[in-house]
Amino acid sequence: MVNKATRPTNDLLGQDLWNIQLDSQGQLKHLLTIEGLGSQILTQILDTAESFAGVNESVKKVPLLRGKTIVNLFFEASTRTRTTFELAAKRLSADVLNINISTSATSKGESLLDTLRNLEAMQCDMFIVRHEDSGTAHFIANHVAPHISVLNAGDGQHAHPTQAMLDMFTIRRHKGPDFGALRVAIVGDILHSRVARSQIHALNTLNTGDVRVVAPNTLLPKDIERMGVSVFNDMDEGIRDADVIIMLRLQKERMLGALLPSEQEYFQLYGLTEERLQVAKPDAIVMHPGPINRGVEIESSVADGPQSVILNQVTYGIAVRMAVMSMTLGRSVSQSSADDNRESQ
Amino acid sequence: MHRLEIINGRIIDPANQLDQTSNIYISNGRIIAIGDCPQDFNADQTIDAKDHWVIPGLVDLSARLREPGLEFKADITSESIAAASAGITTLCIPPDTDPVIDEPAVVELIHRKADNAGHTNVVTLGALTAGLKGEYLSEMAALKSAGCVGLSNGRQTIQNALILRRAFEYAASQDITLFIEANDPWLSNHGCAHEGAIATRLGLSSIPVAAETAAIAHNLELIAETGVRVHFCRLSSARSIELINQAKNAGLKISADVAAHQLHLNEMDISSFNSHCHVLPPLRSQRDMEALCRGVANGTINAICSDHQPHDIDAKLAPFPSTEPGISALETLLPLTLKLVDLGKLELNRAIASLTSEPAHILGIDVGQLSINAAANICIIDPNKEWLLEEKDILSRGKNSPFLGWGFKGKVSHTLVDGDLVYST
């Protein structure tokens, strides 16, 4: 079969980070990172999510993934992300297994690979993985049986692609499809944020006019501008005339490493207040991946105010995750079995 | 009495400024003549080295053999066989074994095991502080008389500057060379990648250049005050070379080395989370890599070492940050160095010096040269042999090499240790 959409691989050089995500027909097999996926695939995810948004609203199940088993494999605590993945899977009629490993097997010395082998033996079709180490989703995708799809639900500080896609979905719903006209400011702890990294890749892939990050230098990773953003230390300048403001959660433990002096000073300099929101465009939307620290990075009246789309994000999250699951697991049967043959050779 | 001759080889010995096609005559484990055959010499064995290079056996400044302590990864026998096949005739073991090399009994244990294995010479660095904990001085003189060629605290830093200064003063008064891997533990902060665009993109916790340079500067001030002789191990950045160069020009008794992989790999090589490229200090930028090559070429960096760290398979089978750092590197030390010669980055003579006479000088031992009466530690190379590095050909128990599949030119054909042929193809 002619390899149309993926690059030629060379076993000696190893897989491209992004190439592994596509099957031989260029269809999405795993979703590990936004990086390297073209605008066509991102748009396909958004369009598919749009078609599922209706399913959510009338609370109906669709039988697309009946008979498939999806494993939520969470090595890190999470409520929101795990729940929306679970809901998405159930609305597609898949069976869902939730496994929280933060305190069990791996801390008893079982290696990650052993855990995977055990789960594989249970005839699963998809792993949804969250882990504290950057690169975990790629590691798993490189080592699972060929029929299994892997979705990255957050790996260390590297990537959180479904969160980024639901954010793009939110922006498209509220600001229309022309990202080129938009100024988007991401504010807060960029250094520790896998969400910010995935958002930056997605925004740039969708050709966003102006992508900015706003933070003190202690919360900015080195050479972040080489990911295609402009950097602002000053909040007012950073969000001036912005169409979209994305606030990131500030973990309380950041004070311990001397990254910041206090929550109070952080709120004073980078907290989003009603007053400060005035410098953005009047119709700017305010987003937050949650959970919110009220009074630390965002004022309650803004989080609950008319420009906030924070709860919409959560709702859209289900549709976007349904879209990604159906695209990866719902690839035509002949196609995926052809792939399995190719990869098992 | 065993007599051996190596004839018709191109003998290259930087220590004696020798580069000529000639013969070497060996008797009783020592070189007795170069050039004309001594009278009454009847060789028991003749090696025809026509079209081959005959160089001093390589001296590797840092190889972890994993024994004692981590024998499931490798042991002295397995690794010294690998070393012999790679032309290495002297290996230097850092003190971070388990138990730590902080008392004479451990030194003796290692030397006895190496002697029994009998493939290559092994020397040891003792611990600079008891248990490498940075609190109490080790019994430096006792370690020295047990055979340690120098002392080191491994990658563990002595955090208390007063203890560091006293360690320097005491070592200076005992005429002991210290081997320092400069690393500020707070700045490196358990990171696993060079601070820069790649680590930022991959979300890997990062180690800034200053973790190395701040520690070098801190050490240099105390070296200047105490007059101790110090060798800086495993430089990774351009700025480090500047600091070393300035200090050398100021007359400090210092030297430096670099791991061979740092001259061929850089941060780009981790961009697909390749755990075989997880090393400490981390692979840095292209600019740093080029500067390290120039540093070797101009002598600011005296020696190239393998920084051999063999691992079991599981050590590298995990997400990148959870993998163990290090490369199984004995068998790529010479090939990677010769590749720099092929690439035009290094003169052949300088390349060989950085693997032989220079490290021997740093260790203060009488090897790394082809002088009359010197021990016959010799490496013979087929310089035109082209080959691919394949896992099945690696003799070390650690197969963790990022260079699998790389093509090389030049391969060891014979290795002699004290006049004994310990390896031949």
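Just so you know, these numbers come straight off a predicted model, no measurement behind them. (Residues numbered from 1 in each chain as written. Chains lettered and ligands numbered in written order. Predicted model: local features only at pLDDT ≥ 70, side-chain atom pairs only at ≥ 80, totals over all residues.)

A. Inspection of the overall build of chain A at higher detail. A tally of helices and strands in chain A yields 12 helices and nine strands. Within chain A, the proportion of its 345 residues that are buried is 46%. Intrachain contacts of chain A at a sequence separation of at least 6 include 75% that bridge at least 24 residues. (Helix = DSSP H or I, 4+ residues; strand = E, 2+ residues; numbered from the N terminus. Buried ≥ 20, exposed ≤ 12 C-beta atoms within 10 Å, placed from the backbone. Contact = placed C-beta atoms within 7 Å.)

B. Structural view of unusual backbone geometry. Residues and elements named next belong to chain A. A cis amide bond, omega -10°, links Gly290 with the succeeding residue Pro291. Its place among the elements puts Pro291 in the loop between β9 (285-287) and α10 (300-303). The phi dihedral of Ser93 is positive, around 70°, even though this residue is not glycine. Tracing the sequence through the fold places Ser93 in the loop between α2 (80-91) and β2 (95-100).

C. Spotlight on the sheet that holds strand β7 (residues 88-93) of chain B. Residues and elements named next belong to chain B. The sheet built from eight strands is open, its strands ordered β6-β7-β8-β9-β10-β13-β14-β15 with parallel pairing. Looking along the sheet, the strands with just one partner apiece sit at the ends: β6 (58-60) and β15 (303-305). The average angle at which neighbouring strand axes cross in this sheet is 30°, direction not considered. Summarising the sheet, strand β8 (residues 121-127) and strand β9 (residues 150-152) pair through three bridges and their orientation is parallel. Counterpart to Leu125 in the pairing with β9 is Gly150. Here helix α2 (residues 104-117) sits on the sheet and contacts β7 and β8; the angle it forms with β8, its principal contact strand, is near 170°. (Pairing = 2+ DSSP bridges. Axes fitted to C-alpha atoms, helices over the stretch in contact; angles between N-to-C directions.)

D. Fine view of the interface of chain A and chain B. Between chain A and chain B, the contact holds 26 residues from the first and 21 residues from the second. Mapped onto the side of chain A that touches chain B, the elements with two or more residues apiece are α3 (112-120), α4 (136-143) and α6 (194-205) of chain A. Counting residues per element, the side of chain A that touches chain B draws most heavily on α4 of chain A, at three residues.

E. Main features of the sheet that holds strand β3 (residues 126-131) of chain A. All names here are of chain A. Within the open sheet, the four strands sit side by side as β2-β1-β3-β4. Their pairing is parallel. Two strands close off the open sheet at either side, each with one partner strand: β2 and β4 (149-155). Here the average twist between neighbouring strands, direction ignored, is 15°. Pairing analysis gives five bridges linking strand β1 (residues 69-74) to β3, with the strands arranged parallel.

F. View of the nonpolar core. By size, the foremost hydrophobic cluster in this structure holds 225 residues, and its most contacted members are Phe127, Val187 and Ile245 of chain A. Setting aside anything within four residues of it in sequence, one finds Ile245 of chain A in contact with Ala185, Val187, Ile239, Leu272, Ala280, Ala284, Val286 and Met287 of chain A. (Core = buried A, V, L, I, M, F, W, Y, C linked by C-beta atoms within 7 Å.)

G. Representation of the pairing of β1 of chain A within the structure. All names here are of chain A. Along β1, five of the six residues are buried, which leaves the element largely enclosed by surrounding structure. Inspection of the sheet shows β1 paired to β2 by six bridges, in the parallel sense. Considered in β2, the bridge of Ile70 is made with Val96. In this fold, β1 hands off to α2, which returns the chain to β2; that crossover is right-handed. (Right-handed = clockwise from strand over helix to strand, strands pointing away.)

H. Expanded view of α2 of chain B. All names here are of chain B. Its 14 residues give α2 an end-to-end C-alpha distance of 20 Å, which sits within 8% of 20 Å, the value for a rise of 1.5 Å per residue. Turning to α2, its buried residues number three or more, namely Val106, Val107, Ile110 and Ala114. Seen end-on, α2 carries its buried residues on one side only, within an arc spanning 105°. In α2, those exposed residues whose orientation departs by more than 90 degrees from the buried face are Ala105, Arg112, Asp115 and Asn116. Trailing α2 by a residue or two, Gly118 shows a phi angle of about 70°, which is positive. (Expected span 1.5 Å × (residues − 1). Arc of directions from axis to C-beta.)

I. Molecular detail of the packing of helix α5 (residues 161-175) of chain A against helix α11 (residues 310-329) of chain A. All names here are of chain A. Across the interface, α5 lies against α11 with an axial gap of 8 Å and an inter-helix angle of 115°. Pair α5 / α11 crosses with right-handed handedness. The segment α5 lies against α11, with Thr162, Met165, Leu166, Asp167, Phe169 and Thr170 engaging Asn312, Gln313, Tyr316, Gly317, Val320, Arg321 and Val324. Class assignment of the residues belonging to the contact of α5 with α11 gives a composition of six nonpolar, five polar and two charged. (Left-handed = near helix turned anticlockwise from the far one by under 90°. Nonpolar A, V, L, I, M, F, W, Y, C, P; charged D, E, K, R; others polar.)

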